[in-house]
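Next come the chains, spelled out residue by residue.
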Amino acid sequence: MVGNIEVMAPGLYSNGAISNANGLEEKLDEFCRILGKSDGDLLKIVGVGAGAWGSVFAALLQDTYGRFRDKIQIRIWRRAGRSVDRETAKLLFEVINSREDVLRRLIRRCAYLKYVEARLGDRVLYADEILKDGFCLNMIDTPLSPMKVVTNLQEAVWDADIVVNGVPSTETREVFEEIGKYWKERINPPIIVSLSKGIEAALDPVPHIITPTQMISRATGVPIENILYLGGPNIASEIYNKEYANARICGTEKWRIPLAKFLRQPHFIVWDNSDLVTHEVMGGLKNVYAIGAGMVAALTNESATSKSVYFAHCTSEMIFITHLLTKEPEKLAGPLLADTYVTLLKGRNAWYGQMIAKGELSLDMGDSISGKGMIQGVSAVGAFFELLSQSSLSVLHPNENKPVAPVELCPILKTLYKILIKREQDPRAILQALRDENLNDPRERIEIAQSHAFYKPSLLGQP
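Overview of the structure. The structure displayed is predicted, hence computed values, not measured ones.

Describing the sheet that holds strand 2 (residues 72–77)
Strands in a sheet are paired, the pairing made by backbone hydrogen bonds, and the direction either parallel or antiparallel. Reading across from one edge, 5-2-1-6-7-10-11-12 is the order of the 8 strands in this open sheet, with mixed pairing throughout. In this open sheet, the two strands that pair with only one neighbour each are strand 5 (148–150) and strand 12 (268–273). Sheet twist, expressed as the mean angle between neighbouring strand axes with direction ignored, is 25°. Sheet analysis places strand 1 (residues 43–48) next to strand 2, joined by 6 bridges and oriented parallel. From the neighbouring strand, I45 faces strand 2, where its bridge partner is I74. Strands strand 1, strand 2, strand 6 (162–165), strand 10 (227–231) and strand 12 of the sheet are contacted by helix 2 (residues 52–65), whose axis makes an angle of about 160° with strand 2. Strands in contact with helix 11 (residues 253–263) are strand 1, strand 2, strand 6, strand 7 (191–194), strand 10, strand 11 (245–250) and strand 12; relative to strand 12, the strand with the most contacts, it is inclined by about 175°.

A few points about the packing of helix 12 (residues 276–299) against helix 15 (residues 348–358)
Where helix 12 contacts helix 15, the two axes come as close as 6 Å, and the packing angle between them is 40°. Classified by the angle between their axes, helix 12 and helix 15 sit oblique to one another. In this structure, helix 12 crosses over helix 15, and the sense of that crossing is right-handed. Contacts from N287, A290, I291, G294, M295, A297, A298 and L299 of helix 12 reach helix 15 at N349, A350, Y352, G353, Q354, I356, A357 and K358. Each residue belonging to the contact of helix 12 with helix 15 can be placed in one class, and the counts come to 10 nonpolar, 5 polar and 1 charged.

Re the environment of D41
For D41, the location among the structural elements is in the loop between helix 1 (21–35) and strand 1. Each C-alpha atom, one on D41 and one on T252, is 25 Å from the other, the two residues being 211 residues apart in sequence.

Focus on the pairing of strand 2
Burial runs high along strand 2: 6 of the 6 residues are buried. Both faces of strand 2 are covered, namely the face carrying I72, I74 and I76 and the face carrying Q73, R75 and W77. A crossover links strand 1 with its parallel partner strand 2, the connecting element being helix 2, and its sense is right-handed. Of the strand pairs in this sheet, strand 2 and strand 5 are connected by 3 bridges, and their pairing is parallel. Note that in strand 5 the partner of W77 across the bridge is V150.

What counts, and at which threshold
- Each chain has its residues counted from 1, running along the sequence as written.
- Where totals are concerned, whole chains, interfaces and linings use all residues; where local detail is concerned, this predicted model gives features only for residues with pLDDT of at least 70, and gives and counts side-chain atom pairs only at 80 or more.
- As a rule here, side-chain values cover all heavy atoms of the structure and leave hydrogens and water aside.
- A pair of strands counts as paired when DSSP detects no fewer than two bridges linking them.
- Put simply, DSSP marks the helices as runs of H or I at least four residues long and the strands as runs of E at least two long, and each gets a number from the N terminus on.
- Fitted lines through C-alpha atoms serve as axes, helices being fitted only where they are in contact, and the angles separating the N-to-C directions of these axes extend from 0 to 180 degrees.
- Whether two residues touch is decided by their heavy atoms; if any such pair falls within 4.5 Å, the residues are in contact.
- Roughly parallel covers angles under 35 degrees, roughly antiparallel covers those over 145, roughly perpendicular covers 65 to 115, and oblique covers all other angles.
- Rotating anticlockwise by less than a right angle from the far helix to the near helix defines a left-handed crossing, while the corresponding clockwise rotation defines a right-handed one.
- For this scheme, ten residues count as nonpolar: Ala, Val, Leu, Ile, Met, Phe, Trp, Tyr, Cys and Pro. Four count as charged, namely Asp, Glu, Lys and Arg, and the remainder, Gly too, count as polar.
- Residue burial is assigned from relative accessible area. The probe radius is 1.4 Å, only protein chains are included, and a residue is buried under 20% of its type maximum, exposed over 50%, and partly exposed in between.
- By convention a crossover is right-handed if, when the strands point away from the viewer, the path from the first strand over the helix to the second runs clockwise.

Below is the structure:
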């Protein structure tokens, strides 16, 4: 079923900001020409997955280009049947009544009454239902523009020109294997933009990382040249509220340059880069250390000193790991640190670490948390540990002067693995790791990485 969408006044964003409609239409026309679209042939964009970032991305496109309904169709898919619990329904009702523009819109659409009934417990709301009204289940307090929502995956993707992957990395393979069945007879493959941050580990034929873009290519048969990754230091709700942000779209030049121009907005600057897989992996790496940062913050009552000690050690480990993964790690330093910083400030992985350390969440609850979505750092901890513990990747230990698995030089990663995956230690172990008098100065770990040829191209599937 496809929901209705409210028509906004020409030249008006949902937050009231005026845009240059003529300039946008020219940009849309130019992009359609690059794709080979003929006049009257709709550009069809579909978001797959409706988490916070996936929903915001689709809503931004809707706000920007949705007025040109004779040229572009923007839709979003999410699974049907996910109910909204009563506490969330109450919060949703409060958000609606605190925003006059949202309240008036729902009344005009004759949709307000169902939120009243849900607050009272007289009816059940569903996630796909509220998404049509502009509410993402993982981001209730940030109303979006109404969207066209499709709950049938085949209907959503079968003739799409651009597919935006917004599902977690842990679900990407399953979803795109299903999508691949619908594309078997396609002549021209679509363009796929992946927003997912996470990795999997594979050990055969050699230890290597599998990223969401690689999962998508293998599942669908779409060539990797048509698959791109978009990521950057940003928080979804703040981007939608027009806070200044930037991101990078990574992939082949043929598509990344026109896509960067098409997606760029005054408040959302999109740069382009050729290094697809490495940027994708770095997006998963920072989530690992964000969980530990949240634990440290909670266990030390937000001690600035303790958090800075942790930051020094975790960034030195990330720098060490980047030297294993890429030939020119210095090019990643800025983007990786920026993405790490924003995640520590307000990301869901840092929040998860805090809640685990405070005892407000338990590991038995899993890594998909109501109101937050998938905590992708948990699976990334397991994947990075598994890869870096392989003896075939051994590096020389600086003090013991003998070969060791790379993980032996990453005590924070080892501790997070024992807490989150093996469950052999409680979160307080992260503080013990920081206070270990045998722990090397983080400067030494960086110097080791910079002074040795640690680069292991096989980790990213390179020859």
